[in-house]
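# Residue-level structure breakdown
One letter stands for each residue in the lines below.
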Amino acid sequence: MKCSVIPSARLLVDHLMANGIKDIVISPGSRSAPLVLSFTTNPFFRCYSIVDERCAAFFALGMSQNQGKPVALVCTSGSAVLNYYPGISEAYYSTIPLIAISADRPPYKIDIGDGQTIRQTGVFSHHVGYAANLKIDVSHAQNTIQAFAPELLLASQETVQHYNAKEIEQALTTALEKSLPVHINIPFEEPLYGVVDLEENNKVSPVIVNNQQGTQNLLEQFMPVWKKAKRKMILVGVNKPDKAQQHFLEILANDPSVLVFTETTSNLHHPHFFPSIDSIIFPIEKSKHKEDRFQELQPDLLLTFGGLIVSKKVKAFLRKYKPKHHWHVDKTRATDTFFSLSHHFKLDIDYFLAQLTQDYQNTTSSYFEHWHAVKNKYEVQRNAFLETIPFSDFLVFEKVQGSIPKNYQLHLSNSSTVRYAQLFDCEASLSVFCNRGTSGIDGSVSTAIGASIYHHTPTLLITGDLSFFYDSNGLWNKYIRNDFRIVLLNNAGGGIFRILPGKEDSDGFQTFFETTHQMTAAKLCEQYGFEYSQVHNSATLEVALNSFYKKGSQPKLLEV
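Residues numbered from 1 in each chain as written. Predicted model: local features only at pLDDT ≥ 70, side-chain atom pairs only at ≥ 80, totals over all residues. Heavy atoms only, no water.

## Observations concerning the sheet that holds strand β13 (residues 325-329)
With parallel pairing, the six strands of this open sheet are ordered in space as β11-β10-β9-β12-β13-β14. Of all the strands in the sheet, the pair left with one neighbour each is β11 (273-274) and β14 (343-345). Sheet topology places strand β12 (residues 301-305) next to β13; five bridges connect them, and they run parallel. Directly across from Leu301, in β13, lies its bridge partner His325. (Pairing = 2+ DSSP bridges. Helix = DSSP H or I, 4+ residues; strand = E, 2+ residues; numbered from the N terminus.)

## Some remarks on the sheet that holds strand β4 (residues 71-75)
The sheet built from six strands is open, its strands ordered β3-β2-β4-β5-β7-β6 with parallel pairing. Each end of this open sheet is capped by a strand with a single partner; those strands are β3 (46-49) and β6 (130-133). Across the sheet, the mean angle separating the axes of adjacent strands is 20° when strand polarity is ignored. Examined bridge by bridge, β4 and strand β5 (residues 98-104) share five bridges and lie parallel to one another. (Axes fitted to C-alpha atoms, helices over the stretch in contact; angles between N-to-C directions.)

## Considerations on the side chain of Lys109
One can find Lys109 in the loop between β5 and β6. Apart from the residues within four sequence positions on either side, Lys109 is in contact with Asp114, Thr117 and Glu189. (Contact = heavy atoms within 4.5 Å.)

## Comments concerning empty space enclosed by the protein
Using the criterion set out here, one finds two cavities of 30 Å³ or more in the structure. Of the voids in this model, the largest cavity is the one considered here, and its volume is about 60 Å³. As for the largest cavity, its lining consists of Pro275, Ser276, Ser279, Lys375, Tyr378, Glu379, Arg382 and Asp425. Broken down by element, the lining of the largest cavity gets its largest block of residues, four residues, from helix α15 (residues 367-386). Taken as a whole, the second largest cavity spans an internal volume of roughly 30 Å³. Contributing to the lining of the second largest cavity are His411, Leu412, Cys434, Asn435, Ser444, Thr447 and Leu461. Going through the elements one at a time, β15 (409-412) and α18 (444-452) are the ones with two or more residues in the lining of the second largest cavity. Its residues assigned to classes, the lining of the second largest cavity shows three nonpolar, four polar and no charged. (1 Å grid on protein atoms, 1.4 Å probe; cavity = no way out; pocket = protein on both sides within 12 Å on 5 of 7 lines; lining within 4 Å. Points joined across faces, edges and corners; volume = space filled by probe spheres on them. Nonpolar A, V, L, I, M, F, W, Y, C, P; charged D, E, K, R; others polar.)

## Looking at the nonpolar core
Core analysis: the biggest nonpolar cluster contains 41 residues, and Val25, Phe59, Leu73, Tyr84 and Phe468 have the highest contact counts within it. Looking at which element gives the most residues to this core, the answer is helix α3 (residues 53-67), with seven residues. Excluding its chain neighbours within four sequence positions, the residues that come into contact with Leu73 are Val25, Ala56, Ala57, Ala60, Tyr84, Leu98, Ile99, Ala100 and Ile101. The next biggest cluster of nonpolar side chains, apart from the first, holds 32 residues, and it includes Leu412, Val432, Leu460 and Leu541. (Core = buried A, V, L, I, M, F, W, Y, C linked by side-chain atoms within 4.5 Å. Buried < 20%, exposed > 50% of the residue type's maximum accessible area, 1.4 Å probe, protein only.)

So this is what it looks like as structure tokens:
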């Protein structure tokens with residue numbers, strides 16, 4: 001086993017090994033050579049080469065999202081680092097523990113005109129849990145340091161090593177404890193390619209992660225508030241599949257005073273849940289007595305958990321018709337999305353729900369009965385509507401979503417795609433994901449491919465055309481499984497902008513908002529080795545879907 005002769009590179013390798021961080025996503029470059037040589041020659045690590053740093057960050061994000069474990073990124077200095085930013089910001093708002101490692105030029109070579117040199121210190125400071133900026137090793141390239149910055153040699157290598165170790169430990173503790181992205185920036189002086197043979201790694205202890213639960217006594221302090229409320233709304237955002245949550249929520253869903261609103265990305269299903277929030281709110285907006293109807297829906301108590309909410313309508317509703325109490329449950333942070341947060345329970349959601357449902361007694365109310373009837377009426381009207389409409393985005397999504405085999409991992413791109421998914425029933429065995437941290441269209445292809453690497457069943461990405469073509473570099477790697485599938489809904493532009501109010505008054509709408517185009521994915525599929533098919537109507541779509549999920553020797557893309 002070989003490792004770089006530069007101490008800080010070896011130190012970082014030792015710390016990642018001690019904490020069981022095996023997956024390293026590497027983008028090419030020279031300044032990062034000490035890291036690349038150390039990781040790729042060490043059998044402990046699983047290394048992946050992704051050329052485009054923006055794609056690399058989302059690829060790693062998908063891997064981390066799927067496994068619930070940190071994944072490390074490695075890149076060279078300069079603008080390469082900045083290309084990580086979209087993926088890091090998504091990880092920050094989605095609480096995904098990426099470890100972004102950037103090689104840097106020595107501090108005395110910053111802002112003097114050297115190439116591939118920018119101010120990397122703290123470059124992600126607003127969107128990482130911790131930024132570790134390591135000191136340059138003074139035992140390496142001493143003659144060069146003496147020539148350009150002799151004052152650095154006043155510190156001993158032991159002092160530098162101690163400082164760097166503390167910085168790495170703090171970064172990894174933050175990633176593991178708070179599930180947030182972190183940045184580790186390491187300056188290297190040339191020569192960069194020297195390696196030594198190692199019999200064993202330095203002994204480094206893993207970081208100590210604090211997983212203790214809070215001590216809030218829910219039953220004594222908060223249960224009276226819960227029992228008194230006649231209209232209780234539970235709203236679940238982005239959420240990994242979890243059977244324990246399902247069990248507890250089923251108990252609550254049988255309470256006539258409780259409405260459980262879920263989204264497709266919530267991964268929760270029950271006949272008493274309300275999986276299509278907009279389907280309840282939109283008809284109220286159009287009714288003659290909307291003020292009365294919204295007041296009937298307004299909860300006394302709102303309980304939220306999970307990540308960010310897709311529905312803009314429920315945000316607008318709850319911001320205007322505020323609950324008397326809003327409780328949010330999350331171990332690390334609470335977002336006051338509805339400007340009404342009254343209490344943040346810093347607890348694991350299963351722990352919270354276990355206490356809430358202990359010896360549970362229902363509350364007399366007509367809240368559920370009334371709105372469940374509204375939901376059933378909507379579903380009848382929706383099915384009747386689908387029988388009458390022509391070939392369109394809405395009809396296509398109903399057919400595609402209904403075709404997905406059981407137990408698939410489903411990734412949805414932003415932004416119209418995930419909104420269409422909200423309007424239709426989703427097979428309960430699917431694991432559904434979407435990058436809703438920043439809700440950008442960048443990175444959906446890369447994220448889905450990264451998430452598929454270790455998943456035990458096939459992965460399907462449903463994407464719009466702008467999102468797909470924007471991240472087409474995500475196909476530029478050798479890690480795409482043969483059971484990976486993409487359904488590309490190509491309506492020749494940003495279709496979601498067509499429904500925005502006021503678009504008719506915008507000059508250049510098609511060019512600057514909708515961004516119409518005539519591209520197809522045929523040539524990309526040929527270039528990247530995908531089996532490609534294209535359909536233009538309902539009949540050919542149904543035929544194509546019959547064979548689309550069958551095993552093959554290539555990944556497949558179906559363009560609609």
